[in-house]
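Here's the letter readout for the chains.
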Amino acid sequence: MMSNIRIENLEHIREAAREFINQIGDHRVFAFYGKMGAGKTTFVKAVCEELGVDDVITSPTFAIVNEYSIAPHSGETAAAKKASPAEGGLAGTVYHFDFYRIKRLEEVYDMGYEDYFYSGALCFIEWPELIEDILPGDAVRVTIAEQEDGSRLVTF
């Protein structure tokens with residue numbers, strides 16, 4: 001799985017999010033790499049909104065993980081329905097992690113990361129560099145890089 005999605009500017013982020021959802025297939029764990037300010041949280045927020053999350057989506061920097069609900073068919077886009085092998089689309093839970101403030105891997109063990117990563121729910125992980133050793137083997141590496149013209153390139 002090697003894809004590139006170019007985000008010209010913030011006005012185009014929702015269509016980039018739809019394109020990403022169209023390509024996720026059966027994958028459930030996504031590790032987002034990129035420099036501070038590259039747009040990881042902004043892109044995850046757009047993906048969650050396109051999936052039909054009605055909750056307020058914020059960076060889980062202090063909480064480490066935020067849990068969002070995707071209501072079945074409430075605002076669910078065609079992209080979200082297509083992305084899921086399940087009959088009802090991607091209804092369920094999304095876990096959004098931010099491991100930026102993690103000091104020791106033990107903190108991640110203590111939070112019971114396996115319950116999240118292996119739940120079958122969508123998991124979007126920011127700053128996965130800090131937990132490489134425990135990422136599931138099938139986690140999809142997503143890199144977001146700012147280009148010279150200010151656009152972003154999402155590679156996975």
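As a starting point, this report considers the structure included with it.

Rules behind the numbers
- Residues numbered from 1 in each chain as written.
- Predicted model: local features only at pLDDT ≥ 70, side-chain atom pairs only at ≥ 80, totals over all residues.
- Heavy atoms only, no water.
- Salt bridge = Lys/Arg side-chain N within 4 Å of Asp/Glu carboxyl O.
- Buried < 20%, exposed > 50% of the residue type's maximum accessible area, 1.4 Å probe, protein only.
- Axes fitted to C-alpha atoms, helices over the stretch in contact; angles between N-to-C directions.
- Helix = DSSP H or I, 4+ residues; strand = E, 2+ residues; numbered from the N terminus.
- Parallel < 35°, antiparallel > 145°, perpendicular 65-115°, else oblique.
- Contact = heavy atoms within 4.5 Å.
- Nonpolar A, V, L, I, M, F, W, Y, C, P; charged D, E, K, R; others polar.

Overview of the pattern of salt bridges
Scanning all chains against the criterion turns up 9 salt bridges. A salt bridge links Glu 132 to Arg 141; the nearest nitrogen and oxygen atoms lie 3.5 Å apart. Overall, Glu 132 belongs to the partly exposed group, its relative accessible area being 33%. Residue classification places Arg 141 among the partly exposed positions, given a relative accessible area of 49%. When salt bridges that share partners are traced, they join Arg 14, Arg 18, Lys 45, Glu 49 and Glu 50 into one network.

Regarding the packing of helix H1 (residues 13-23) against helix H2 (residues 40-51)
Relative orientation and spacing of two packed helices are given, respectively, by the angle between their axes and the distance between those axes. Running from N to C, H1 and H2 point in directions that differ by 70°, and their axes come no closer than 8 Å. One element, H1, and the other, H2, form an angle in the roughly perpendicular class. When H1 is examined against H2, the residues Ile 13, Arg 14, Ala 16, Ala 17, Arg 18, Phe 20 and Ile 21 are found in contact with a partner set consisting of Thr 42, Phe 43, Ala 46, Val 47, Glu 49, Glu 50 and Leu 51. Residue composition of the contact of H1 with H2, by class: 9 nonpolar, 1 polar and 4 charged.

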